[in-house]
Amino acid sequence: MSASGTASPQVAVVGAGWSGATAARLLHDAGLRVHIFERTMAVGGHSRSATVNGVLFEPEGPHIFHTSKPAVKDFAVRHGMRHSYEHKGLTQIFLDDADERPYTLSWPPQVAELRVLPVWPAIEKELSEIPPTPCTRDFESHCVSIMGRTLYRLFIEGYTIKQWGCHPSDLSSKFAPSRLGLRTDGNRRLFRDTWEFFPLPNAQEVMESMTRPIPATFGQEIAAADLPELERTYDAVVLTVPLDTFAGRPGRLEWRGIRTVSRYIPLEDPDATVTPGYIVNHPSLRVPYTRTVESKHASGQSIPATVVTEEYPGAPARHYPVLTTDSRNERENVRLQEEIRKMTRMSVFFCGRLANYEYINQDVALDQGMSCANDVIRELRAKGRNTWEGRAYER
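This text gives an overview of the structure that appears in the document. Keep in mind that what you see is a predicted model, and the values were worked out from it rather than measured.

Basis of the calculations
- Residues numbered from 1 in each chain as written.
- Predicted model: local features only at pLDDT ≥ 70, side-chain atom pairs only at ≥ 80, totals over all residues.
- Heavy atoms only, no water.
- Helix = DSSP H or I, 4+ residues; strand = E, 2+ residues; numbered from the N terminus.
- Buried < 20%, exposed > 50% of the residue type's maximum accessible area, 1.4 Å probe, protein only.
- Contact = heavy atoms within 4.5 Å.
- Lys, Arg positive; Asp, Glu negative; His and termini not counted.
- Charge placed at Lys NZ, Arg CZ, Asp CG, Glu CD.
- Pairing = 2+ DSSP bridges.
- Axes fitted to C-alpha atoms, helices over the stretch in contact; angles between N-to-C directions.
- Parallel < 35°, antiparallel > 145°, perpendicular 65-115°, else oblique.
- Left-handed = near helix turned anticlockwise from the far one by under 90°.
- Nonpolar A, V, L, I, M, F, W, Y, C, P; charged D, E, K, R; others polar.
- Salt bridge = Lys/Arg side-chain N within 4 Å of Asp/Glu carboxyl O.
- Expected span 1.5 Å × (residues − 1).
- Polar contact = N/O pair within 3.5 Å; in protein donor to acceptor, adjacent residues only side chain to side chain.

### So, the overall build of the chain
Piece 1. Of regular secondary structure, the chain possesses twelve helices and 15 strands.
Piece 2. Taking the principal axes of its C-alpha atoms as reference, the chain extends roughly 75 × 50 × 35 Å.
Piece 3. Burial status across the chain gives 56% buried among its 395 residues.
Piece 4. Partitioning the intrachain contacts of the chain with sequence separation of at least 6 by distance along the chain shows that 73% fall at a separation of at least 24.
Piece 5. Looking at the chain, you have 46 positive and 48 negative side-chain charges, and the mean spots of the two groups are 4 Å apart.

Structure (C-alpha cells):
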C-alpha cells in the first residue's frame, strides 16, 4: 500500500515550470496519484509571459522552444506548442569609443558580414591562428580560442562582465552555450534544431494543458521542514526548486538574476516594430543593459503598439547558475541533494534548471521531466509498488 493507504502510489511534485509540469503529467498518465505544489499562483515558472493593452511581452526574458528530439516535440505539440518560428539573433557593437552609432550584425557572427568592418584585417589574422582544439581552461580562453581576441572583445567580453559581474576568466568554459561560435555558411538561424516554436498565445497555456487534470496547491512554498508531513501521504517527491532555499540555507548557491524594464510604445502601423529584431544583444559597456527583447517580432501580432524590454543584470533572482572554474556551486548542489535524500523516507527526485543547478533550455527541462517521470516509475516498481496500471512514456 502507499503512504496514504491507496492502491496506487502518490507523488508530490514541487514546482510547476516546464520540468515539473511534464513530470507531473506523465506520472498522472501512468496511473499514479499526483499532486502539484507551486509557491506562486500560476503554472509556468520562468517562462511566463504577460500582456499590456493586448501586446504580448516577456517580463522574465525571451523563450524560444527548439528541439531535435521527436518525443519532446510531440509532447509539446500535443499540449499546444504549434507556432513554428525561426530565430535569427542580432547584436549591436561599437568598434571603438569614438563610434557614435553601433553596427548591427548577426549573432553568432557571420564571416561575410565581418569582412566589411574596418577591423577585418585583424580579425582575419587572428582567425588564421585559431588552434585546432578549443581551450577549456576558462570561459575567456575558450572564446578567444574559437574566434580570436578582437571578436571576443567586440561580441563577448563586455556582455559577460555585465551579465555575470565578474571577469570572464573566472567562469567555467562549460557555460559556453552551443550557440556561441563563428558562422561561415550564411545560415542566420541561431538554433540548428529540427523543430523550433514560439509559444502562442503563451507558454503558460501549454503548461496549463499539461497540468489540467492534476490536483494542485498554489501559493504554498514547500521546504525541507514539510517533508515529515508529506511522508504521511506520498511515496515520492519530485523537487524542481532551488535546493539551498528548500533546505533552509539560502545563499549556499550562487545565482545571477536579471531585472527587466519594459516600455509600452503606441504605434500608428499595427505591423510596425521599434528594434531591429526579437532579441538584440548589447555587449558594449557603454550600454547598461545586456539586451533588448521585442516579442512582437516573434509573435507576429498585428496591433498598433509594441513592448520593448531591456534586461539589466545583477538582480537578486535565480535566473542563471554561476558556473565557476572550480565548480564549487555544482559540488555544493550535489551535497544538498544528498542531504535532502537523507531527510526523508520518501524517494526523492531532482528535476530541472533550479534543482539540478544547470543552465538549460526549455526543451531540456521538458526532457528532464520525461526522464524523471520514468525514474520515479522504475524506482517505485522496484520497491514493489507495481499495483497500478499504466506505463512509462516512450522516449
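### Quick word on the sheet that holds strand S15 (residues 347–350)
Piece 1. Strand order in the open sheet formed by five strands is S9-S2-S1-S10-S15, with parallel pairing between adjacent strands. Two strands close off the open sheet at either side, each with one partner strand: strand S9 (216–218) and S15. Strand after strand, the sheet turns through a mean of 15° between neighbouring axes, direction not considered.

### Quick word on the packing of helix H4 (residues 120–128) against helix H5 (residues 139–164)
Piece 1. Where H4 meets H5, the axes come as close as 7 Å, and the angle between the chain directions of the two elements is 160°. Compared by their axis directions, H4 and H5 come out roughly antiparallel. As H4 runs across H5, the sense of the crossing is right-handed. Contacts between H4 and H5 involve Ala122, Ile123, Glu126 and Leu127 from the first element and Met147, Gly148, Arg149, Thr150 and Leu151 from the second.
Piece 2. Partitioning the contact of H4 with H5 into residue classes produces five nonpolar, two polar and two charged.

### Side note on the pairing of strand S1 (residues 10–14)
Piece 1. Most of S1 sits inside the fold, with five of its five residues counted as buried.
Piece 2. On S1, burial covers both faces: Gln10, Ala12 and Val14 on one face and Val11 and Val13 on the other are all buried.
Piece 3. Strand direction decides the pairing type here: S1 and strand S2 (residues 33–38), joined by five bridges, are parallel. Residue glutamine 10 lies in a different strand from S2, and its bridge partner there is arginine 33.

### Structural notes on the sheet that holds strand S12 (residues 279–281)
Piece 1. Pairing in this open sheet of six strands is mixed, and the strands run S7-S6-S12-S13-S14-S11 from one edge to the other. Two strands bound the open sheet, and with one partner strand each, they are strand S7 (103–107) and strand S11 (255–266). Pairwise comparison of adjacent strand axes, ignoring direction, gives a mean angle of 30° for this sheet.
Piece 2. The pairing of strand S6 (residues 89–93) with S7 spans five bridges and is antiparallel. If you follow glutamine 92 over to S7, its bridge partner there is threonine 104.

### With respect to the pattern of salt bridges
Piece 1. Using the criterion set out here, one finds 21 salt bridges in the structure.
Piece 2. Among the ionic pairs, arginine 149 bridges to glutamate 140, the shortest N-O distance being 3.8 Å.
Piece 3. Under the relative-accessibility criterion, arginine 149 is labelled partly exposed at 46%.
Piece 4. Overall, glutamate 140 belongs to the buried group, its relative accessible area being 13%.
Piece 5. As a salt-bridge pair, aspartate 375 and arginine 378 come within 2.4 Å of each other at their nearest N and O atoms. Placement of the pair is aspartate 375 and arginine 378 together in helix H12 (residues 362–382), with a separation of three residues, close to one helical turn.
Piece 6. Connected via shared salt-bridge partners are Arg249, Arg252, Glu332, Arg335 and Glu339.

### A few points about H5
Piece 1. When the terminal C-alpha atoms of H5 are compared, their 12 Å separation across 26 residues is substantially less than the 38 Å that a helix rising 1.5 Å per residue should span.
Piece 2. Between the side-chain oxygen of the N-cap and the backbone nitrogen of glutamate 140 there are 3.1 Å, and the N-cap of H5 in question is aspartate 138.
Piece 3. Directly after H5, the chain includes glycine 165, whose backbone phi takes a positive value near 70°.

By themselves, these are just geometric observations and shouldn't be taken as functional.
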